[in-house]
Amino acid sequence: MAEIVYEIHVPLVAPADIPESEYDFPWINGVEDFVKELGDPQVEWFDDGLVWENNAGDPEYLFFICGPSDTALLKASVSISNLPEVPIGVYALRGDEDTVLGAGERVALRR
C-alpha cells in the first residue's frame, strides 16, 4: 500500500514587521520545528520543502508530510495552517509518493 503524502502549500509572504537584517520567512523554520515536535508516529517529513508557483503565478512554500493515516495527516495540516506566524491561505493536496507535484486532491484546512 502506498504511503499517503500531503503537500502543504503556504503563501510565500514575509511578515510586515520583520527587520531588514532578519530572515524574511521565519515561519518556515517554525513549521519544521512544529512537525518535529509533534510526537505523532503517524506523521513524518516526506521530503525537503521547496518554493513553488501556483497556477496564478503566486509563490508558495511547500512542506511535505506523510504517513498511513489521513486523519493524522489532516490534523497535522490543520495545526500547521493555524500556527500564528503562518500566513493565511494555506491549503493541502493529498496524494502518494507517485503523485506529480501539484496534482493531488485538494484538502480544505479551514483558515
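Our structure is the block above this text.
Residues numbered from 1 in each chain as written. Predicted model: local features only at pLDDT ≥ 70, side-chain atom pairs only at ≥ 80, totals over all residues. Heavy atoms only, no water.

Participant: With reference to specific residues and values, describe the nonpolar core.
Facilitator: Of all hydrophobic cores here, the largest spans 24 residues; its most connected members are Trp-27, Phe-63 and Ile-65. Contributions of two or more residues to this core are made by strand S1 (4-11), helix H1 (26-37), strand S3 (59-67) and helix H2 (70-81). Other than its neighbours up to four places away in sequence, Phe-63 contacts Tyr-6, Glu-7, Ile-8, Val-10, Trp-27, Ile-28, Val-31, Glu-32 and Trp-45. (Core = buried A, V, L, I, M, F, W, Y, C linked by side-chain atoms within 4.5 Å. Buried < 20%, exposed > 50% of the residue type's maximum accessible area, 1.4 Å probe, protein only. Helix = DSSP H or I, 4+ residues; strand = E, 2+ residues; numbered from the N terminus. Contact = heavy atoms within 4.5 Å.)

Participant: Explain the sheet that holds S3 to me, and be specific about the residues and the numbers.
Facilitator: Strand order in the open sheet formed by five strands is S2-S3-S1-S4-S5, with antiparallel pairing between adjacent strands. Two strands lie at the open edges of the sheet, namely strand S2 (44-53) and strand S5 (105-107), each paired on one side alone. Across the sheet, the mean angle separating the axes of adjacent strands is 25 degrees when strand polarity is ignored. Pairing between strand S4 (residues 91-96) and S5: three bridges, direction antiparallel. (Pairing = 2+ DSSP bridges. Axes fitted to C-alpha atoms, helices over the stretch in contact; angles between N-to-C directions.)

Participant: Before we move on, can you summarise the layout of surface pockets with the specific residues and values?
Facilitator: Counted as a void, the largest pocket has a volume near 150 Å³. Looking at the lining of the largest pocket, the elements with two or more residues in it are S1, S2 and S4. Among the residues forming the lining of the largest pocket, the class breakdown is six nonpolar, three polar and six charged. (1 Å grid on protein atoms, 1.4 Å probe; cavity = no way out; pocket = protein on both sides within 12 Å on 5 of 7 lines; lining within 4 Å. Points joined across faces, edges and corners; volume = space filled by probe spheres on them. Nonpolar A, V, L, I, M, F, W, Y, C, P; charged D, E, K, R; others polar.)

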